[in-house]
Amino acid sequence: MKIRALLLGLVAAGITATAAAADPIVIKFSHVVATDTPKGKAAEKFKELAEKYTKGAVKVEVYANSTLYKDKEEMEALQLGAVQMLAPSLAKFGPLGVREFEVFDLPYIFDGYDDLHKVTTGPVGKMMLSKLEPKGIKGLAFWDNGFKSFSANSPIKAPEDLKGKKMRIQSSKVLEEQMRELKALPQVMAFSEVYQALQTGVVDGTENPHSNLYTQKMHEVQSNVSLTEHGYLGYAVITNKKFWDGLPSDVRTELEKAMAESTTFANAIAREENEKALAAVRASGKTEVYQPTPAEKLAFKKALLPVHKKMESRIGAELIQSIYKETGFDPSKL
Ligand code: LMR
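Residues numbered from 1 in each chain as written. Predicted model: local features only at pLDDT ≥ 70, side-chain atom pairs only at ≥ 80, totals over all residues. Heavy atoms only, no water.

A word on unusual backbone geometry. Non-glycine residue K55 carries a positive phi angle of around 50°. K55 sits in the exposed class, given a relative accessible area of 75%. Despite not being glycine, K217 has its phi angle at roughly 60°, a positive value. Looking at the element boundaries, K217 is found in the loop between α8 (210–215) and β9 (224–226). (Buried < 20%, exposed > 50% of the residue type's maximum accessible area, 1.4 Å probe, protein only. Helix = DSSP H or I, 4+ residues; strand = E, 2+ residues; numbered from the N terminus.)

Either a parallel or an antiparallel arrangement is found when strands of a sheet pair, and the pairing is made through backbone hydrogen bonds. Reading across the sheet, the five strands line up as β2-β1-β3-β10-β4 and stay open at both edges, with mixed pairing between neighbours. Edge positions in the open sheet fall to β2 (58–63) and β4 (137–147), since each of these has one partner strand only. Bridging between β4 and strand β10 (residues 232–240) involves nine bridges; their strand directions are antiparallel. Each residue of the ladder has a partner; that of F142, found in β10, is A236. Contacts from helix α10 (residues 249–284) reach β1 (25–30), β2, β3 (85–86), β4 and β10 within the one sheet, and its direction differs from that of β4 by about 15°. (Pairing = 2+ DSSP bridges. Contact = heavy atoms within 4.5 Å. Axes fitted to C-alpha atoms, helices over the stretch in contact; angles between N-to-C directions.)

Before going further, it helps to spend a moment on the site of the ligand. The environment of the ligand is made up of V32, V33, K39, S89, K92, R168, Q170, F191, N208, N212, L233 and Y235. One of the side-chain nitrogen or oxygen atoms of R168 is found 2.8 Å away from an oxygen atom of the ligand. For the ligand, an oxygen atom lies 2.5 Å from a polar atom in the side chain of Y235. Among the residues making up the shell around the ligand, the classes are represented as five nonpolar, four polar and three charged. (Near = heavy atom within 4 Å. Polar contact = N/O pair within 3.5 Å; in protein donor to acceptor, adjacent residues only side chain to side chain. Nonpolar A, V, L, I, M, F, W, Y, C, P; charged D, E, K, R; others polar.)

Close reading of the predicted structure is inappropriate where its pLDDT is low. Here the protein chain averages 94 in pLDDT, while 94% of its residues score no lower than 70. Within the model, pLDDT remains below 50 along residues 5–20, and this stretch shows zero contacts once partners closer than five positions in the same chain are excluded. (pLDDT = per-residue confidence, 0-100.)

Quick look at the packing of aromatic side chains now. Across all of its chains, the model carries 10 aromatic pairs by this definition. Aromatic pair F93 and F101: ring centres 4.6 Å apart, planes at 20°, arrangement stacked. As far as the burial class goes, F93 and F101 line up, both buried. Their ring planes at 55° and their centres at 5.4 Å tell us that F147 and Y232 sit as a pair that is tilted. With F147 in strand β4 and Y232 in strand β10, the pair connects residues that are 85 residues apart, well separated along the chain. (Phe/Tyr/Trp six-rings, centres within 6.5 Å; stacked < 30°, edge-to-face > 60°.)

What follows is the structure, given as structure tokens:
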């Protein structure tokens, strides 16, 4: 009887051991935007490739639209190991103590995606990701979204048009200064709360690439959108460093491959996704889309340039200069 029990026990232990060996490594990937956006689609692509390349040894659970965590909580959750992967906007790393990322928020510092990629794919981008390591975070990649439009409930043709308006911003001191430069009143708010805040008049306006504006239906509660393209919004894909370093090396290699391919995918679709979203915003007829003339755009550039100087002490004059150098931006030529 005793021997039978022992044998049964051994069989049971064997089954448990097999089950444990087959248990996949779970990566919870949390983000705050809709699935139908550049980031949402890229996260799904990463899931597909990661699961395929690791032959199921890794399971990626994507939580879109702030369903698991909102902006601030998700950073904490990553550091605590409650989630393994995020792709926060570059404007959201300041509160973590990594101010350098706010350089991406400087108004008009990039004249399009090509300029931006010179930085994100070059040594400056690499150096910036390495700044995350002392925080227990590993930076894996930069994913694009796009260039921002201002929106409000009145026409925005000149910098003065935003004067006195309460404008929702992400948690970046550069964006705060940008709004102050326009004599607007910046209000930091989690992305998940923006639609309601616009709808109820808690804030008057905001700024976002069109993919975010459209998928959050912000255009339905803003009468005016102005194609100012005054700043960039993109992401750093990050993971918990301890988790990443602790992965079996063959698994990590496959995940790196999946990440590299999802990054190529993300950066290939971002422009088109934003163009499609803008077309859909226009087609909705729910908001007036204004294309500023070159002279009007120049007026915004001139009005916002002082933000670069004012933010030097926060994000580093040297870093700003190295970006000017990579992109050829010359403030004296405005
Ligand atoms: C925002 O808060 O406006 C954006 O960072 C949202 C996002 O992740 O694109």
